[in-house]
Amino acid sequence: DFLEKPLSLSSVKNSIARGIERRALKRQAVEKKVHQNLLSDSLTGLPDRSLFMDRLRKAIAGISRNKNYSFAVLLIDIDQFKAVNDAYGLIIGDRVLSELSHRFNTCIRPTDTIARMNGDVFAVLLEGFERYEKVVEIAECCRTAAAQAFEIDGNRVPVSVSIGIVMKTAFYESPDEVLRDAEMALSRSKEQGRGLVNVFDTKMLEQAVESLQLENDLRLGIPKQEFILHDQPIIRMDDRRIAGLEGLIRWNHPEHGIIYPEKFIPKAEETSLINQIGNWVLSEGCRQIKEWQRTLPGFEEITLNVNIAGSQFCQPGFADLVKGIIHEHSLDPRSLKFEVTESVLMK
């Protein structure tokens, strides 16, 4: 056909150029779709962590260029989501995540970014808001939306979320710093009872640093034997005589002096150091009570009460440990009493 019709060289060039352009546009569209698939969550269709961190990095750069520019980050975690998976199965758990993503999308503006960071954690990037109250309103909207029970295949699945917010963002230099503080605010929400919203402040960071320092000091203090026992008398009401003693641990910190247990026992329980500390209390208490029984008149039948933590009580070989300590100090087993909480007995 081309041989029979007159053609100009320019028309051939234009036709080839249009064909090349069409192929280039098609290739760009395919590459864009592949890139979006790589940076999106397959379950919810939301951006993934990589894309969120990239947009957060750009938001931080925007503040450095314009001091009036503002952004905030919401970190949303589903409370006890493992229990949902255990009770209803992973398929329903996935459907809850998918439905949550749709509900959260109804609470944010088209210009905001919501991403699934991992598992049951979502993050929202709010940019260009005019007042801080608006950020809290969006967070409350997300919390309320999640609190409405999910009806899935005849199952009524209750869900709640805890949220941590970072708003004063002018001093951040990296996305990791923003998420670190958002996680602190999120942890505070969970500590206070779950289903709550907390805004990060610098006191949380100070407390986190103090907590980390406390843990380090605890790990060093155990082998250095920085702990001591104080004994509280147990008095019989009928004759006002001492019936026994309760061994109470104190930490003789080299810098801060005497530290009472309410300051360090929760951290010890959190980091599993409680077993080492509890075993030391047990051994030292038995040694001390045996010495008093041997040397002090009227103390021959005195007893020692020792508080036993749940993890210590349930640790493998605990009975053999107690037997060994009693034997080591030649103590009558009737001289030793354990104090345990109701929750330990329930377990």
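As the structure is a computational prediction, the values presented were derived from the model and not from experiment. (Residues numbered from 1 in each chain as written. Predicted model: local features only at pLDDT ≥ 70, side-chain atom pairs only at ≥ 80, totals over all residues. Heavy atoms only, no water.)

### Description of the overall build of the chain
As a reminder of what qualifies: Secondary structure follows DSSP: runs of H or I at least 4 residues long count as helices, runs of E at least 2 residues long count as strands, and numbering of each begins at the N terminus. Only C-alpha atoms enter the radius of gyration, while the globule expectation follows 2.2 Å times N to the 0.38, with N the number of residues. Three labels apply to residues, based on accessible area from a 1.4 Å probe with only protein chains included: buried if under 20% of the type maximum, exposed if over 50%, partly exposed otherwise in between. Residues are treated as being in contact if the distance between any of their heavy atoms lies within 4.5 Å.
Summing up its helical and strand segments, the chain has twelve helices and twelve strands in all. Relative to its length of 347 residues, the chain is extended, with a C-alpha radius of gyration of 32 Å against a globular reference of 20 Å. Across its three principal axes, the chain shows a C-alpha extent of roughly 130 × 50 × 40 Å. Within the chain, the fraction of its 347 residues that count as buried is 41%. Once local pairs closer than 6 in sequence are excluded, the contacts in the chain between residues at least 24 apart make up 65%.

### Brief notes about the pattern of salt bridges
Our working rule: Take a side-chain nitrogen of Lys or Arg and a carboxyl oxygen of Asp or Glu: if they are within 4 Å of each other, that pair is a salt bridge.
Evaluated as defined, the whole model comprises 19 salt bridges. Residues Glu 215 and Arg 219 are paired through a salt bridge, measuring 3.0 Å at the closest nitrogen-oxygen approach. With Glu 215 and Arg 219 both in helix 7 (residues 202-221), this residue pair falls four residues apart, about one helical turn. Residue classification places Glu 215 among the buried positions, given a relative accessible area of 18%.

### A short note on the packing of helix 6 (residues 175-191) against helix 7
Note the cut-off: Geometry is summarised by axes, namely lines fitted to C-alpha atoms with helices restricted to the contacting stretch, and by angles between N-to-C directions that run from 0 to 180 degrees. Working rule for angles: under 35 degrees goes down as roughly parallel, over 145 as roughly antiparallel, 65 to 115 as roughly perpendicular, anything else as oblique. Ten residues, namely Ala, Val, Leu, Ile, Met, Phe, Trp, Tyr, Cys and Pro, are considered nonpolar, four, namely Asp, Glu, Lys and Arg, are considered charged, and the remaining ones, Gly among them, are considered polar.
Interaxial distance between helix 6 and helix 7 falls to 10 Å at its minimum, and their mutual angle equals 85°. Classified by the angle their axes make, helix 6 and helix 7 are roughly perpendicular. Taken together, the residues of helix 7 that come into contact with helix 6 (itself represented by Arg 180, Asp 181, Met 184, Ala 185 and Arg 188) are Met 204, Leu 205, Gln 207 and Ala 208. A class-by-class count of the residues in the contact of helix 6 with helix 7 yields five nonpolar, one polar and three charged.

### Some thoughts on the side chain of Ser 189
This is how it is decided: Under the rule applied, a polar contact is a pair of N or O atoms within 3.5 Å (in protein, one hydrogen donor and one hydrogen acceptor; residues adjacent in sequence only if both atoms are side-chain atoms).
Summarising the element assignment, Ser 189 is placed in helix 6. At 2.9 Å, the side chain of Ser 189 and the backbone oxygen of Ile 163 are in polar contact. The contacts of Ser 189, once residues within four sequence positions are left out, are Ser 162, Ile 163, Arg 194, Leu 196, Val 197 and Asn 198.

### Here's the deal with the environment of Asp 79
Mapped onto the secondary structure, Asp 79 falls in the loop between strand 1 (71-78) and helix 3 (81-88). Asp 79 gets classed as buried once you look at its relative accessible area, which sits at 7%. In the structure, Asp 79 is positioned 106 residues away from Ala 185 in sequence and 15 Å away in space, judged by C-alpha atoms. At 2.8 Å, the side chain of Asp 79 forms a polar contact with the side chain of Lys 190. Among the polar contacts listed, one links the side chain of Asp 79 to the backbone nitrogen of Gly 195, at a separation of 3.0 Å.

### With respect to the packing of aromatic side chains
Short version of the rule: For this analysis, a ring pair means two rings from Phe, Tyr or Trp (six-membered ring only for Trp) whose centres lie within 6.5 Å, classed as stacked if their planes differ by under 30 degrees, edge-to-face if by over 60, and tilted for the remaining angles.
Tallied over the entire structure, the rule returns eight aromatic pairs. An angle of 45° between the planes, with centres 5.7 Å apart, marks the rings of Phe 227 and Phe 264 as tilted. You can see Phe 227 sitting in strand 8 (residues 227-235) and its partner Phe 264 sitting in helix 8 (residues 261-270), a full 37 residues away along the chain. Taken individually, Phe 227 and Phe 264 each receive the classification buried, so the pair is uniform in this respect.

### Overview of helix 6
Note the cut-off: To estimate the expected span of a helix, subtract one from its residue number and multiply by 1.5 Å.
Between the first and last C-alpha of helix 6 there are 24 Å, a value that for 17 residues agrees with the 24 Å anticipated at 1.5 Å per step. Burial in helix 6 covers these residues: Pro 175, Val 178, Leu 179, Asp 181, Ala 182, Met 184, Ala 185, Leu 186 and Ser 189. Buried residues in helix 6 make contact with helix 2 (49-65), strand 1, strand 2 (113-118), strand 6 (161-166), strand 7 (197-199) and helix 7. With its phi angle positive at about 130°, Gly 193 sits one or two positions after the end of helix 6.

### Looking at the pairing of strand 8
Put simply, the test is: Pairing between two strands is assigned when DSSP locates at least 2 bridges connecting them.
Note: strand 8 against strand 9 (residues 242-253), nine bridges, orientation antiparallel. When the sheet's bridge partners are listed, Ile 234 is paired in strand 9 with Gly 244. With antiparallel pairing between neighbouring strands as the criterion, strand 8 and strand 9 make up a hairpin whose turn holds six residues, including Arg 240 at a positive phi of roughly 60°.

### Structural notes on the sheet that holds strand 3 (residues 121-127)
Overall, mixed pairing links the five strands, which are arranged 2-3-1-6-7 in an open sheet. Strands at the two margins of the open sheet, each flanked by one partner only, are strand 2 and strand 7. Adjacent strand axes in the sheet meet at a mean angle of 20°, parallel and antiparallel pairs treated alike. Across seven bridges, strand 1 lies against strand 3 in antiparallel orientation. Within strand 3, the position partnered with Leu 74 by the bridge is Val 124. Each of strand 1, strand 3, strand 6 and strand 7 is contacted by helix 5 (residues 132-147), which is oriented at about 165° to strand 6, the strand it contacts most. Strands strand 1, strand 2, strand 6 and strand 7 of the sheet are contacted by helix 6, whose axis makes an angle of about 140° with strand 6.

### Focus on the state of the cysteines
Basically, it comes down to this: Pairs of cysteine sulfur atoms within 2.5 Å are identified as disulfides in what follows.
For the coordinates displayed, the defined rule picks out one disulfide. Each sulfur in the disulfide pair Cys 107 and Cys 141 lies 2.4 Å from the other. Here Cys 107 and Cys 141 share a disulfide; its torsion about the S-S bond, -70°, makes the bridge left-handed. Linking Cys 107 in helix 4 (residues 90-107) with Cys 141 in helix 5, this pair joins segments that are 34 residues apart in sequence. When its relative accessible area of 11% is taken as the criterion, Cys 107 is described as buried. You can call Cys 141 partly exposed: its relative accessible area is 32%. Cys 286 carries a free sulfur, and the closest cysteine sulfur to it, the one in Cys 314, is 19 Å from it.

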